[in-house]
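Report on the structure
Letter by letter, the chains look like this.
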Amino acid sequence: MSIDAVNRIGVVGSGAMGTQIAAVCALAGYPVKVQDIATESLERARQVLTEQLEKRVQKGKLSREQVDGAWSRLSWTTDLAEAVGDADYVIEAIVEKLDAKRELFARLDELAPAHAILATNSSTIVSSKIADATRRPENVCNMHFFNPVLVMELVEVVMNPQTSEDTADTAVELCRRIGKTPILLKKEISGFVANRLLMALFKEAMYLYEQGIADFKDIDLAATKALNHPMGPFTLMDFTGLDVNYYVMQQQYAETGDPAMKPPEILREKFERGEFGRKSGKGFYTYE
């Protein structure tokens, strides 16, 4: 299927990622249906997105006309068949659990048109673990956006061994049409490109801290003042969520069995104490 055949998009999952993915697609002119299992989740997603888009209007990042146009193209439903029944491209953004994704993709395969591409936004689960739940593995790929989607430019498109060149080409071109910068991974690897680089940075930062070589605040300063990173690794881990980083490292460790992939002890301790970063009020730093 070519990019010109993509006219309608379905997004499954109304969390932070799914809602913003839907928004960037709608801002680019695509009619988008967002599905979630609970009405309350959809209502909360609309409220949060309203605030996010209003802030971008106030900052001059978006015009009032752009935002109004996007809202006119967005619709919300708890009915999966309604969301994907006429979709040419479906993007899944639900919980990072393999069983849940496989169950969902089997249903998407039944409900979405035969030509539709089924993409997962997963940052840790490669699509080959999901594709065989469908009868169209050649139409399945990873399409990994970064949080916050409204701001972050990169999207990683990852082919599984059965992903067709047409599917990969369409996914890459869709990224461009919604204003994103795609990179194409022709082979699957746990963590893809950006997260592998990031996890290596996080692990080294935590190693230096655990060994008493430097305080975590000084390690952050080294990253921002010497490497010109916008955030130090500990600030960034708090921002993205220590629970998220723990799950990513656990998934990589489970997939590879490599002890080097195991979450550092300090991260495990914080995870078990519920110190997840900004979202919980405490991570490496403490927040009001």
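Named according to an unreviewed UniProt entry, the chain is 3-hydroxybutyryl-CoA dehydrogenase originating from Kyrpidia spormannii. In its Sequence similarities (unreviewed entry) section, the UniProt entry covering the chain states "Belongs to the 3-hydroxyacyl-CoA dehydrogenase family."

Moving on, we come to the pattern of salt bridges. Oppositely charged side chains can pair when the atoms bearing their charge come close. One pass over the full model with this rule turns up 16 salt bridges. A salt bridge links Lys101 to Glu92; the shortest N-O distance between them is 2.4 Å. For the pair formed by Lys101 and Glu92, the shared burial category is buried. Of the charged contacts, one joins Glu275 and Lys270 as a salt bridge, the two residues approaching to 3.0 Å between their closest N and O atoms.

Take unusual backbone geometry next. Cis geometry is found at the peptide bond from Asn147 to Pro148, where omega equals 0°. We note that Phe192 has phi near 60°; this positive angle belongs to a residue other than glycine. Along the chain, Phe192 turns up in the loop between β8 (181-185) and α8 (194-210). Unlike most non-glycine residues, Asn228 shows phi in positive territory, near 65°. Within the secondary structure layout, Asn228 lies in the loop between α9 (216-226) and α10 (233-240). Classification of Asn228 by relative accessible area gives exposed; the value is 66%.

Structurally, Val151 is set in the loop between β6 (140-145) and β7 (154-159). Each C-alpha atom of the pair Val151 and Arg56 lies 9.9 Å from the other, and the pair is 95 residues apart in sequence.

A few words on the packing of α8 against α10. The contact between α8 and α10 brings their axes to 10 Å, and the two run at 120°. Classified by the interaxial angle, the pair formed by α8 and α10 is oblique. Relative to α10, α8 is oriented so that their crossing is left-handed. Facing Leu198, Leu201, Phe202, Ala205, Met206 and Tyr209 of α8, the residues of α10 in contact are Pro233, Phe234, Leu236 and Met237. A per-class count over the contact of α8 with α10 returns ten nonpolar, no polar and no charged.

UniProt records the feature "domain: 3-hydroxyacyl-CoA dehydrogenase NAD binding" (unreviewed entry) at residues 9-187, using the numbering of this structure. Between the C-alpha atoms that bound residues 9-187 the distance is 26 Å, and the span itself is 44% helix and 21% strand.

Our next topic: the packing of aromatic side chains. Scanning the model with the defined rule gives twelve aromatic pairs in all. An angle of 75° between the planes, with centres 5.5 Å apart, marks the rings of Tyr209 and Phe216 as edge-to-face. Residue class for Tyr209 comes out partly exposed when judged on its relative accessible area of 26%. Judged by its relative accessible area of 9%, Phe216 is buried. Between Phe271 and Phe276, the aromatic rings sit 5.9 Å apart at their centres with planes inclined by 35°, giving tilted as the arrangement. Judged by relative accessible area, Phe271 falls into the buried class, the value being 18%. Aromatic ring contacts, followed pair by pair, group Tyr209, Phe216, Phe234, Phe284 and Tyr285 into a single cluster. Over the face of the ring belonging to Phe284 we find Lys270, whose NZ or CZ atom lies 5.2 Å from the ring centre.

So, on to the sheet that holds strand β3 (residues 74-77). Here eight strands make up an open sheet; going across it, the order is β3-β2-β1-β4-β5-β6-β7-β8 and the pairing mixed. The open sheet has two edge strands with one neighbour each: β3 and β8. The mean inter-strand angle of the sheet, taken between neighbouring strand axes irrespective of direction, is 25°. Relative to β7, β6 runs antiparallel, the two sharing five bridges. Bridged to Cys141 within β7 is Met159. Along the sheet, helix α7 (residues 165-177) contacts β1 (9-12), β4 (89-92), β5 (117-120), β6, β7 and β8; its crossing angle with β7, the most-contacted strand, is approximately 175°.

What follows covers the domain arrangement of the chain. Examined at the domain level, the chain breaks down into domain 1 (3-185) and domain 2 (194-279). Each side of the interface is counted separately: domain 1 has seven residues, and domain 2 has five residues. Of the roughly 530 Å² buried between domain 1 and domain 2 on both sides combined, carbon and sulfur atoms contribute 58%. Together, Thr124, Lys129 and Glu156 form the three largest contributors to the area buried by domain 1 at its contact with domain 2, with a combined 53%.

Calculation notes
Residues numbered from 1 in each chain as written. Predicted model: local features only at pLDDT ≥ 70, side-chain atom pairs only at ≥ 80, totals over all residues. Heavy atoms only, no water. UniProt positions renumbered as here; feature names shortened; annotations may be inferred. Salt bridge = Lys/Arg side-chain N within 4 Å of Asp/Glu carboxyl O. Buried < 20%, exposed > 50% of the residue type's maximum accessible area, 1.4 Å probe, protein only. Helix = DSSP H or I, 4+ residues; strand = E, 2+ residues; numbered from the N terminus. Axes fitted to C-alpha atoms, helices over the stretch in contact; angles between N-to-C directions. Parallel < 35°, antiparallel > 145°, perpendicular 65-115°, else oblique. Left-handed = near helix turned anticlockwise from the far one by under 90°. Contact = heavy atoms within 4.5 Å. Nonpolar A, V, L, I, M, F, W, Y, C, P; charged D, E, K, R; others polar. Phe/Tyr/Trp six-rings, centres within 6.5 Å; stacked < 30°, edge-to-face > 60°. Lys NZ or Arg CZ within 6 Å of the ring centre and 35° of its normal. Pairing = 2+ DSSP bridges. Domains from an automatic or database assignment. Buried area = accessible area lost by both parts, 1.4 Å probe.

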